[in-house]
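# Overview (structure and organization)
Listed below are the residues making up each chain.
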Amino acid sequence: MLVKEMNQTEENQSRKVLPTTAEAIYESMGIDRPVYLYGESVLKSLEGRFREIDERAERNQLKVIKAMQDARIDAECFNASSGYGYDDIGREKLEKVYALTFHGEDALVRPQITCGTHALALALMSNLRPGDELLSPVGKPYDTLEEVIGIRPSKGSLAEYGVKYRQVDLLPNESFDYEGIQKAINEKTALVTIQRSKGYQTRHTFSVKEIGELIAFIKKCKPDVKVMVDNCYGEFVEDQEPLDVGADMMVGSLIKNPGGGLAPIGGYIVGKKECVENAAYRLTSPGLGKEVGASLGLNRSFIQGFFMAPIVTASALKCAIFAANLYEPLGFACVPNKNEDRHDIIQAITFNAEDKLIAFCQGIQAGSPVDSYVAPEPWDMPGYDSQVIMAAGAFVQGSSIELSADGPLRTPYAAYLQGGLTWPSAKLGILMSLQKLAERNLVHIPALC
Ligand SMILES: *Cc1c(COP(=O)(O)O)cnc(C)c1O
């Protein structure tokens, strides 16, 4: 305490003295003492949970390294291929690493899969045939999938190709409607899609255990039906993944958890050999499948990013839990709430006021390593019925494993926060968000000393 005070006094006397304590460095970056002290008091209460996250990250890190050793990753893997990309050893071993880590028979991990929606569309379109039925037993899927399926009419949708869609909503208490699901499954049902993360909905995110119970029920109703899990934002959050509880394929984006912040593009599909093979023939061409697809020098980013992913996901989880524990006591409702177990990295914080949501997002941006000097403003985003504000000071455009936040400007003025490549960077961003609210007198910080 005494040392800190001396440092501060010295700093006031001479600007040349560099701040050395964390508190002094935060202060030099614009975080006032009350915000810092409140943050530290919150963190003190989270020591046990952070330890659990670190221990899980350790287990998942070992899982990934074991897979890399078993796949015999070596320096040759990092060479670039171009053109057709025949015999790209790095690409083949990367896919082996994904398959081994997630316990699938095979994997497709490619920069030619442009994003999460593309990976999901590919998995669906390649594993369904005209006349088949697709079932979502967990309510409405992610917004962008509405056009893929044809719920909202769209060129090239599954509906255009004669694939029908059925949906069974969750019960009011958010449990699965087993009776409704049993009724919806029929001789045409070929594929069942389960979205793990809540996305922009208000329901909870399903745990892997819950997903396993649902899959067991579905397979009892119809053993030969394929089950796909949209695993976006879920990778490495738990010890198990959907393939461990009976899913036939799981699908996600490389600019979320499994890219570890290093993958600049890409998506993956892991699971049964047949499902992955179907997807490969659709991604490239019948007859070519997995044999082509140049990696264009991205193998090292993909492999190293996957190596980093368990620890990066742990940082993002700490970020979400810290934010909930910081904001909920100040009167802002959080989903998940500050004490709940986590099954993805998304944190919703309800601000109930436009100026508070804007201050929050501007703070997240101001604490970023990239584009910290620009202030995000609400804008009219295509496809939305209200303005949206987005904060993203990211190395990879649109990457949401990097600390980012967005929210539509309508009641309840909720911000969706996710990511954080390193825990200290996430902590700075969140403290800065609270600082912006405090500076504008939009929040009362409890006095601590
Ligand atoms: C992000 C996300 C998607 C789509 O991913 P994009 O990369 O944005 O296309 C699909 N489902 C869920 C649950 C997601 O979180």
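For the structure itself, consult the block above.
In what follows, the accompanying structure is described. (Residues numbered from 1 in each chain as written. Predicted model: local features only at pLDDT ≥ 70, side-chain atom pairs only at ≥ 80, totals over all residues. Heavy atoms only, no water.)

This part is about the overall build of the chain. On a plain count of helices and strands, the chain comes out with 13 helices and 12 strands. Against the compact-globule benchmark of 22 Å for 449 residues, the chain has a radius of gyration of 23 Å, which places it among compact chains. The principal-axis extent of the C-alpha atoms belonging to the chain is close to 75 × 55 × 40 Å. Burial status across the chain gives 55% buried among its 449 residues. Across the chain, contacts joining residues at least 24 apart in sequence account for 69% of those joining residues at least 6 apart. Accessible surface computed for the chain: about 19,900 Å², of which carbon and sulfur atoms make up 54%. Averaging the locations of the 46 positively and 58 negatively charged side chains of the chain gives two centres separated by 2 Å. (Helix = DSSP H or I, 4+ residues; strand = E, 2+ residues; numbered from the N terminus. Rg over C-alpha atoms; globule rule 2.2 N^0.38 Å. Buried < 20%, exposed > 50% of the residue type's maximum accessible area, 1.4 Å probe, protein only. Contact = heavy atoms within 4.5 Å. Areas by Shrake-Rupley, 256 points an atom, 1.4 Å probe, with all protein chains shown as cover. Lys, Arg positive; Asp, Glu negative; His and termini not counted. Charge placed at Lys NZ, Arg CZ, Asp CG, Glu CD.)

Before going further, it helps to examine the pairing of strand β5 (residues 226-230). The buried count for β5 comes to five of five residues, which makes it a mostly enclosed element. Because side chains alternate across β5, one face comprises the buried residues Lys226, Met228 and Asp230, and the other comprises Val227 and Val229, equally buried. Two elements, strand β4 (residues 189-195) and β5, share five bridges in a ladder whose sense is parallel. Residue pairing for β5: glutamine 195 is matched across the bridge by aspartate 230. Running through helix α9 (residues 208-221), the crossover from β4 to the neighbouring parallel element β5 is right-handed. In this structure, β5 lies alongside strand β6 (residues 249-253), joined through three bridges in parallel fashion. When the bridges of β6 are listed, valine 229 appears paired with methionine 250. (Pairing = 2+ DSSP bridges. Right-handed = clockwise from strand over helix to strand, strands pointing away.)

Here we come to the environment of leucine 317. Within the secondary structure, leucine 317 sits in helix α11 (residues 299-327). Judged by relative accessible area, which is 5%, leucine 317 ranks as buried. C-alpha of leucine 317 to C-alpha of isoleucine 303: the two residues are 14 residues apart in sequence and 22 Å apart in space. Apart from the residues within four sequence positions on either side, leucine 317 is in contact with Ile53, Val237, Arg342, Asp344 and Ile345.

Our next topic: the packing of α11 against helix α13 (residues 423-439). Two elements in contact, α11 and α13, have axes whose closest approach is 9 Å; the angle formed by their N-to-C orientations is 25°. Judged by the angle between their axes, α11 and α13 are roughly parallel. Here α11 and α13 pass one another in a crossing that is right-handed. Facing Ser315, Lys318, Cys319, Phe322, Ala323, Leu326 and Tyr327 of α11, the residues of α13 in contact are Trp423, Ala426, Lys427, Ile430, Leu431, Ser433, Leu434 and Leu437. Considered class by class, the residues forming the contact of α11 with α13 number 11 nonpolar, two polar and two charged. (Axes fitted to C-alpha atoms, helices over the stretch in contact; angles between N-to-C directions. Parallel < 35°, antiparallel > 145°, perpendicular 65-115°, else oblique. Left-handed = near helix turned anticlockwise from the far one by under 90°. Nonpolar A, V, L, I, M, F, W, Y, C, P; charged D, E, K, R; others polar.)

Right, let's talk about the sheet that holds β5 for a bit. Strand order in this open sheet of seven strands is β1-β7-β6-β5-β4-β2-β3, and the pairing throughout is mixed. The open sheet is flanked by β1 (106-110) and β3 (164-167), the only strands paired with a single partner. Looking at each pair of strands side by side, their axes are set apart by 20° on average, direction ignored. The sheet contact formed by β1 and strand β7 (residues 267-271) spans five bridges and is antiparallel. Residue pairing across strands places leucine 108 opposite isoleucine 269, the latter belonging to β7. Of the strands in this sheet, β1, β6 and β7 touch helix α5 (residues 89-102), which is tilted by about 125° from β1.

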